Amino acid sequence: YFQVIEDASATGAAYTPGEPVGQGGYFEGRVFDENGIEPDEVIDKGLYGAALYNYATTFMNSSIQAADVDKIIALFGANPTFPNSGSANVSQPDLMMANYAARRDIPVGNGMYTDFKKAAHDLRAYIIGGTSFNAKRDQELKNLKTAWEQANAATIINYCHAAIDKFSMTSPTNADIASGLHAYSEGVGFVWGWKTIAQEHKIITDAQIDEILVLLNAPADATPTSYTFVTDAVNQVPKLQTVISKLQSIYSFSNQDIEDFKRNWVADQGR
């Protein structure tokens, strides 16, 4: 995807969602490849899992030390103040996955961000407590992984909702279409990032990830046809709802969770 964004940026051409022509170009202030993917979003959001979570897993074992928990918190994008906000309203806002986890935390104190915070604090305490707390240490380590992964999945669902809203419009403007492809590409990135993470460190399987990527028209081993969400919305957009349903099943999210994931609770609650 680094090569893809280089090629698409270098064209200097305008991009129109449709049958692939050339190497993509610019559309409503964003860079898309010829297949309708916004590559910088796939790179950015994919690295939250493929680089940051992947690196965090190197500390997630029986030899974990208290200082390693601090490293994991930083890789998540949080900091010792755990502000539960990525906005300018706080002095040390959450970054990366922590920022997105905060958006899914509703009401404040009830969500994946809070689950991660509690697991990290308890994990650190049990490590310091010594070997008699190993069973509790291991459970909190599992809870921490689950909170991070669920936040990733909830964010994919959020972006599927956003893309559905834009692609289902009766007369979308170019800005609407670009916004839909942007949200969709972020979702693709968040999915891609967890492919090849060792199974011991995740709930979803690589096979399930591949199924979801196929539904997203961005298969792991073939050329994406992302533009069809625009050119053939009637037949393609329902796939996004299927992605939501699959993730709901994998992570045992409730129907209310799925509805809540539509919103950015940091913005809605002004925190």
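Shown above is the structure to which this text applies.
Definitions and limits used
Throughout, residues of each chain are indexed from 1 in the direction in which the sequence is written. At least 70 in pLDDT is required for a residue's local features to be given in this predicted model, at least 80 for side-chain atom pairs to be given and counted, and no such filter applies to totals for whole chains, interfaces and linings, which use all residues. The basis for every side-chain value is the complete set of non-hydrogen atoms in the structure, without hydrogens or water. Ring pairs are drawn from Phe, Tyr and Trp, using the six-membered ring of Trp, whenever the two centres fall within 6.5 Å, and their geometry is named by plane angle: stacked under 30 degrees, edge-to-face over 60, tilted for the rest. In this description a helix means any DSSP run of H or I spanning at least four residues, a strand means any run of E spanning at least two, and both kinds are numbered starting from the N terminus. We call a residue buried when its accessible area falls under 20% of the maximum for its residue type, exposed when it is over 50%, and partly exposed in between, using a 1.4 Å probe and counting protein chains only. Look at NZ for Lys and CZ for Arg. If either is within 6 Å of the ring centre and within 35 degrees of the ring normal, a charge sits over the ring. Note on contacts: a residue pair is in contact if any heavy atoms of the two residues lie within 4.5 Å. What counts as a salt bridge is simple: a side-chain nitrogen of Lys or Arg found within 4 Å of a carboxyl oxygen of Asp or Glu.

Enquirer: Help me understand the packing of aromatic side chains in this model?
Expert: Each aromatic ring pair is specified by the distance between its two centres and by the angle formed by the two planes. Per the stated rule, a full pass over the model turns up 20 aromatic pairs. Seen in terms of ring centroids, Tyr15 and Phe27 are 6.3 Å apart; in terms of plane orientation they differ by 80 degrees. Their pairing is edge-to-face. Here Tyr15 is found in the loop between α1 (2-11) and β1 (25-27), whereas its partner Phe27 is found in strand β1, with 12 residues between them in sequence. In this structure Tyr15 comes out as buried when scored by relative accessible area, which is 5%. With a centroid separation of 5.7 Å and 70 degrees between ring planes, the pair formed by Tyr48 and Phe190 is classed as edge-to-face. Of this pair, Tyr48 sits in helix α2 (residues 39-56) while Phe190 sits in helix α7 (residues 174-192), and the two are 142 residues apart along the sequence. Under the relative-accessibility criterion, Phe190 is labelled buried at 1%. Ring pairing ties together the aromatic residues Tyr53, Phe76, Phe116, Trp148 and Trp194, which thus form one cluster. The ring of Tyr100 has Arg103 sitting right over it, with the charged end atom 4.5 Å from the ring centre.

Enquirer: I'm lost on the environment of Ala66 in this one. Help?
Expert: Along the chain, Ala66 falls in helix α3 (residues 66-76). The sequence separation of Ala66 and Ala163 amounts to 97 residues, and the corresponding C-alpha distance is 41 Å. For Ala66, the contacting residues outside a window of four places in its chain are Arg124, Ile127 and Ile128.

Enquirer: Would you mind going over the pattern of salt bridges with me for this structure?
Expert: Between side chains of opposite charge, a pair can form as their charged atoms come close. All chains considered together, the criterion is met by 14 salt bridges. Taking the shortest distance from any N to any O, the salt bridge between Lys45 and Asp44 comes out at 2.9 Å. Exposure remark for Asp44: the relative accessible area of 33% places this residue in the partly exposed category. Among the ionic pairs, Asp210 bridges to Lys195, the shortest N-O distance being 2.8 Å. With Asp210 in helix α8 (residues 206-215) and Lys195 in the loop between α7 and α8, this pair connects stretches of sequence that are 15 residues apart. Since its relative accessible area comes to 18%, Lys195 is described here as buried. Each of the salt bridges in this network shares a partner with another, and the network as a whole consists of Glu41, Asp44, Lys45 and Glu186.

The values reported here are purely geometric and, on their own, carry no functional implication.
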